[in-house]
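Here is how the chains run, residue by residue.
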Amino acid sequence: MIVLTRRITESEAITGTVTLDVDSRIKSRLRVTLDDGREAGLMLERGHLLRGGELLADADGQQVIRVFAAPEAVSTVRCADPHLLARAAYHLGNRHVPLQIEPGLLRFQHDHVLDDMLRGLGLEVVAEQAPFEPEAGAYQSAAHSHSHGHDHPFVRLPAHS
């Protein structure tokens, strides 16, 4: 079994990929099946969410695996009105909902109660399958940098039903 022990920033030779949902990308200790069927274990530094596109390597750098964020059940709100989108983010944040925030877009793990709340604010909510890359929590201290030029401190997601 391949044991992935460290994050790296670049490599000329990617030897495999692994596609994981956000709940798996939170864990620093995890047994996974690579996309080509090989078994691997994550034994990573604690306190960091794996992001889609990150590279992981074994101790000697012989195996380099690219992480992909798996599509999963999410609710997506697209809105051109920044005030309305800010109100939605406020109400979701007030409920401690892990939230992906992009220009004109909010995304969270699908929850029909939250969907209804946002519809009540006048927003259109779409339930879909998409990769979920939540923002980091404001009070988290550990951070990592990677290729798209900004940091993502640790984020812990509550279990959703």
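Structural notes, computed from the coordinates. Keep in mind that what you see is a predicted model, and the values were worked out from it rather than measured. (Residues numbered from 1 in each chain as written. Predicted model: local features only at pLDDT ≥ 70, side-chain atom pairs only at ≥ 80, totals over all residues. Heavy atoms only, no water.)

**Regarding the nonpolar core**
Right, so step 1: Formed by 15 residues in total, the largest nonpolar core has its most connected members in Val77, Leu92, Leu106, Phe108, Leu114, Leu118 and Leu123.
Right, so step 2: Counting only elements with at least two residues in this core, the list comes to helix 2 (82-94), strand 9 (105-109) and helix 3 (112-120).
Right, so step 3: Not counting the four nearest positions on each side in its chain, leucine 114 is found in contact with Leu92, Arg95, Val97 and Phe108.
Right, so step 4: Within the second largest apolar cluster, 13 residues are counted, among which are Leu4, Val18, Ala40 and Ile65. (Core = buried A, V, L, I, M, F, W, Y, C linked by side-chain atoms within 4.5 Å. Buried < 20%, exposed > 50% of the residue type's maximum accessible area, 1.4 Å probe, protein only. Helix = DSSP H or I, 4+ residues; strand = E, 2+ residues; numbered from the N terminus. Contact = heavy atoms within 4.5 Å.)

**What to know about the sheet that holds strand 3 (residues 29-33)**
Right, so step 1: One open sheet holds the six strands; their spatial order is 2-6-5-1-4-3, and the pairing between them is mixed. On the outer flanks of this sheet lie strand 2 (16-20) and strand 3, each paired with one strand and no other. Strand after strand, the sheet turns through a mean of 35° between neighbouring axes, direction not considered.
Right, so step 2: In terms of strand pairing, strand 3 meets strand 4 (residues 39-43) through five bridges, oriented antiparallel. Residue pairing in the sheet places valine 32 in a bridge with alanine 40 of strand 4. (Pairing = 2+ DSSP bridges. Axes fitted to C-alpha atoms, helices over the stretch in contact; angles between N-to-C directions.)

**Describing the pattern of salt bridges**
Right, so step 1: In total, this model carries eight salt bridges according to the counting rule given.
Right, so step 2: Of the charged contacts, one joins glutamate 133 and arginine 25 as a salt bridge, the two residues approaching to 3.2 Å between their closest N and O atoms. Taken together, the residues span a long stretch of sequence, with glutamate 133 in the segment after strand 10 (125-130) and arginine 25 in helix 1 (residues 22-25) at a distance of 108 residues. The same class applies to glutamate 133 as to arginine 25, namely buried.
Right, so step 3: For the salt bridge of aspartate 116 with arginine 119, the shortest nitrogen-to-oxygen distance reads 3.3 Å. Here arginine 119 and aspartate 116 lie together in helix 3, a separation of three residues that amounts to about one turn.
Right, so step 4: Residue arginine 119 is classed as partly exposed on the basis of its relative accessible area, which comes to 41%.
Right, so step 5: Three or more residues joined by partner-sharing salt bridges are found here, namely Arg25, Arg51 and Glu133. (Salt bridge = Lys/Arg side-chain N within 4 Å of Asp/Glu carboxyl O.)

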